[in-house]
Amino acid sequence: MGGIAIATAGAVDREAASWVESCLATALGIDTERLDPLPDPSYAYDEGRGQYSSTLVLHDALARRPAHAARLLVITEHDIFIPMLSFVYGQAQLDGPVAVLSLARLRQEFYGLPPNRPLFLVRARKEALHEIGHTFGLTHCNDPGCAMALSTNIEQLDAKGSDYCSGCATLLRDAARVACDGAELAVRSGGIR
Amino acid sequence: MKKHWEVLVVDDEPVMRESLAAWLAEDGYTVDTAESGREAVTRAAAKDYAIYFVDLKMPPGLDGIETMMEIRRLHADASVIIMTAYATVDTAITAMKEGAQEYIVKPCNPEEISLLVGRIIKVKNLQRENLILRKKLAKQYSFHDILSKNPKMIEIFDLVREIASLRSTVLIQGGSGTGKELVARAIHFSGDRASKPFVAVSCAALAENLLESELFGHERGAFTGAVERKRGKFEMADGGTLLLDEIGDISPKLQVDLLRVLQERKFFRVGGNEEISVDVRVIAASRVNLQEAVAAGTFRDDLFYRLNVINIHLPSLRERREDIPLLASAFVERLSHELGKAASELSEGALRVLVDHDWPGNVRELENAVERALVTSKGHVLDEDDFAFLRREAGHGNGWAAPDNMSLDEIERQVIMATLNRTAGNVKEAAAALGIDRSTLYDRMKRYGMSRTGVE
Ligand SMILES: [Zn+2]
Ligand SMILES: [Zn+2]
């Protein structure tokens with residue numbers, strides 16, 4: 001059948017994970033499935049940087065994806081990185097089956113600010129849509145209101161919209177139809193901006 | 001827009017290489033990777049990338065700097081970003097000296113790399129757009145290698161099309177370097193003689209008897225040195241077009257001979273008695289005003305009327321300043337290629353200098369100026385400093401130019417003397433004019449042995 005599988009790795013805010021799952025289900029109009037939690041990705045820990053290698057988490061995810069799931073999104077609370085960059089919010093295989101999302105930098109507490117639950121959840125939605133968009137082959141969108149716009153800092157992340165623009169939604173619908181065995185999908189777009 | 005740009009990531013460390021490549025691919029670039037300097041150079045030889053990310057520290061053989069230099073040997077204006085974890089000042093300086101566009105220390109902020117890449121791509125986009133625009137303009141405004149959007153020139157293009165297939169003689173007048181020969185060629189090559197020869201002779205270059213044999217040919221033994229029979233330009237141009245450039249310079253005797261050929265389309269070779277007939281369209285060109293030469297009695301009026309059946313007067317470059325950017329860009333494009341220079345653009349400032357210049361030598365002078373600027377240029381853009389020689393040559397009223405073999409002391413001595421002469425020996429005024437104080441001027445005067453009147 002095909003759909004999006006979601007798994008947490010290590011200790012993760014379970015409510016946030018459920019929220020991300022429902023966001024993907026409604027935004028893409030696609031079946032989602034919650035897998036059993038994965039072990040903490042200690043294998044990806046980099047002592048020198050005090051962060052986790054998102055590339056290694058992705059490699060691990062590739063091996064763990066159930067054959068029936070078209071995509072697997074792994075959610076972690078750890079701060080993740082690629083060697084070139086000081087951090088990433090998430091990483092995906094472009095047009096590939098796996099993506100990873102870190103919740104670490106989506107919390108106000110990370111920046112020494114008081115917690116803000118609604119803001120945190122909106123950020124998680126944006127980044128989940130963004131990374132899953134990459135797995136369906138979407139690249140960054142020039143529409144600053146689109147979830148597929150590149151955000152390199154938290155201000156940019158907050159400035160962009162929490163839906164796909166109509167162009168990205170169309171591309172996504174076509175790509176997801178192919179990837180998910182022709183299942184009829186109703187990818188929601190944020191409308192015309 | 002960025003989706004069409006290709007980048008190359010060069011790093012021997014797999015995770016580093018693949019994760020950066022993936023990040024760039026998500027941003028919409030087409031990414032290739034290379035795990036060694038060798039492989040990078042091979043890939044660069046196959047195609048030029050918009051950006052090269054090159055890791056500084058790679059195994060012996062080809063390190064980052066050497067790889068960059070090899071890439072630049074292939075593509076002089078390649079944008080190379082050197083990546084390093086070793087932020088030592090030394091390597092940074094070396095990289096910049098060798099021409100690294102940018103230098104980033106890993107790990108870097110996502111914002112930083114995104115801005116850097118965006119900046120480089122913006123420049124690349126601009127260059128690409130300019131190139132497309134230039135090509136479009138060049139096509140739109142070009143007529144047989146002549147570029148213009150000036151109304152007078154466009155009228156000339158229309159006239160040329162109209163008269164191209166006639167046999168009437170044409171007289172093209174205009175200052176030197178205005179493109180008289182190009183117009184003559186345009187007439188020939190847009191008419192039905194295009195497949196026949198186009199022959200050009202400069203009448204200024206040759207003495208009377210040489211020109212005579214050049215035009216009409218000679219028989220063997222016609223004069224000392226005529227060891228063989230030789231065909232003249234009229235015969236060579238049979239069926240086609242003959243351009244007689246600088247017609248105003250021909251002697252009275254040749255004027256008569258020419259008049260006869262134009263009337264009868266027949267002539268004799270020098271020293272020959274066989275009459276030769278030809279079908280040649282004659283185009284004459286002159287930088288001197290032939291009407292005035294007729295009035296002054298140095299040019300036959302009957303020949304003038306024979307030549308002046310169709311008259312084309314080419315405007316000076318001063319009269320078509322709007323063409324200067326178009327022409328200058330076309331010259332930069334062609335000459336930078338011929339001279340193997342990286343420069344492909346003119347800065348706003350450079351264009352201003354060119355548009356403001358008076359161009360006594362017209363389009364040819366502009367072409368020479370662009371060539372001269374290119375020869376000494378280093379960067380990708382020619383700016384006003386590259387054309388500083390124009391300002392010097394234009395002079396400031398008295399046409400001052402740096403004299404050969406004159407020491408700075410000697411120049412200073414002469415300037416002080418001239419200033420004192422002008423102020424009639426008034427040291428206070430002279431010092432003010434020279435922008436130095438009085439005691440300094442006294443010192444110099446003493447050093448050069450001058451009195452107040454400026455005379456020794
Ligand atoms: Zn992205
Ligand atoms: Zn979009």
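Heads up: these notes are all about the structure in this document.

What counts and what doesn't
- Residues numbered from 1 in each chain as written.
- Chains lettered and ligands numbered in written order.
- Predicted model: local features only at pLDDT ≥ 70, side-chain atom pairs only at ≥ 80, totals over all residues.
- Heavy atoms only, no water.
- Helix = DSSP H or I, 4+ residues; strand = E, 2+ residues; numbered from the N terminus.
- Buried < 20%, exposed > 50% of the residue type's maximum accessible area, 1.4 Å probe, protein only.
- Contact = heavy atoms within 4.5 Å.
- Areas by Shrake-Rupley, 256 points an atom, 1.4 Å probe, with all protein chains shown as cover.
- Pairing = 2+ DSSP bridges.
- Axes fitted to C-alpha atoms, helices over the stretch in contact; angles between N-to-C directions.
- Donors = N, O, S within 2.8 Å, 3.2 Å for Na, K, Ca; no water.
- Tetrahedral: all angles 85-135°; square planar, octahedral: opposite > 155°, others 65-115°.
- Buried area = accessible area lost by both parts, 1.4 Å probe.
- Salt bridge = Lys/Arg side-chain N within 4 Å of Asp/Glu carboxyl O.
- Polar contact = N/O pair within 3.5 Å; in protein donor to acceptor, adjacent residues only side chain to side chain.
- Nonpolar A, V, L, I, M, F, W, Y, C, P; charged D, E, K, R; others polar.

## Remarks on the overall build of chain B
Looking only at helices and strands, chain B has 19 helices and 18 strands in total. Going through the 456 residues of chain B one by one, you find that 45% of them count as buried. By sequence separation, contacts in chain B at least 24 residues apart represent 68% of the contacts at least 6 residues apart. When the accessible surface of chain B is totalled, it reaches about 23,400 Å², and 51% of it is carbon and sulfur.

## Quick word on the sheet that holds strand S7 (residues 90-92) of chain A
Residues and elements named next belong to chain A. Read across the open sheet, the 5 strands follow the order S2-S1-S5-S8-S7; overall the sheet is mixed. With one partner strand each, in any of the chains shown, strand S2 (32-34) and S7 form the two edges of the open sheet. Neighbour-to-neighbour, the strand axes of this sheet turn through a mean angle of 20°, independent of strand direction. As judged from the 3 bridges shared by strand S1 (residues 4-9) and S2, these two strands associate in the parallel manner. In the sheet register, Ile 4 faces S2, and the bridge partner there is Thr 32.

## Observations concerning the coordination of the zinc ion (ligand 2)
As a benchmark, a tetrahedral metal site with four donors has ideal angles of 109.5 degrees, while an octahedral site with six donors has ideal angles of 90 or 180 degrees. All names here are of chain A. Around the zinc ion (ligand 2), the protein contributes the donor atoms Cys 141 (SG), Cys 146 (SG), Cys 165 (SG) and Cys 168 (SG), which lie 2.3 to 2.4 Å from the metal centre. Around the zinc ion (ligand 2), the 4 donor atoms are arranged such that angles at the metal cover 106 to 115°; this shape is classified as tetrahedral. Here the donor residues of the zinc ion (ligand 2) share one chain and are spaced in sequence as C-x4-C-x18-C-x2-C. For Cys 141, a relative accessible area of 16% translates into the label buried.

## Re the coordination of the zinc ion (ligand 1)
Residues and elements named next belong to chain A. All of the protein donors around the zinc ion (ligand 1) are His 130 (NE2), His 134 (NE2) and His 140 (NE2); their distances to the metal are 1.9 to 2.1 Å. Here the donor residues of the zinc ion (ligand 1) share one chain and are spaced in sequence as H-x3-H-x5-H. On the criterion of sequence distance, the pair formed by His 130 in helix H3 (residues 117-135) and His 140 in the loop between H3 and helix H4 (154-159) is long-range, its members being 10 residues apart.

## Some words on unusual backbone geometry
All names here are of chain B. In this structure, the amide linkage connecting Lys 106 to the following residue, Pro 107, adopts the cis form with an omega of 0°. Residue placement: Pro 107 occurs in the loop between strand S5 (102-105) and helix H5 (110-140). Of note, the phi angle at His 144 is positive, near 45°, even though the residue is not glycine. For His 144, the position within the fold is in the loop between strand S6 (142-143) and strand S7 (146-147). Take His 144: its relative accessible area is 35%, and that puts it in the partly exposed class. Even without glycine at this site, Trp 359 takes up a positive phi of about 50°.

## Here's the deal with the sheet that holds strand S4 (residues 51-53) of chain A
Residue and element names in this part refer to chain A. One open sheet holds the 3 strands; their spatial order is S3-S4-S6, and the pairing between them is mixed. Lying at the two open borders of the sheet, with one neighbouring strand each, are strand S3 (45-46) and strand S6 (80-81). Together, S4 and S6 form the strand contacts of helix H2 (residues 54-64), whose direction differs from that of S4 by roughly 45°.

## Description of the interface of chain B and chain A
Contacts between the two partners involve 22 residues from chain B, matched on the other side by 19 residues from chain A. Between chain B and chain A, the buried area comes to about 1,900 Å², and carbon and sulfur atoms account for 64% of it. On the surface where chain B and chain A come into contact, there are 0 salt bridges. Counting every contact that joins chain B to chain A gives 7 residue pairs in polar contact (both at pLDDT 80 or more). Top element by residues in the side of chain B that touches chain A is helix H1 (residues 14-26) of chain B. It accounts for 8 residues. Grouping the amino acids of the side of chain B that touches chain A by side-chain chemistry returns 12 nonpolar, 4 polar and 6 charged.

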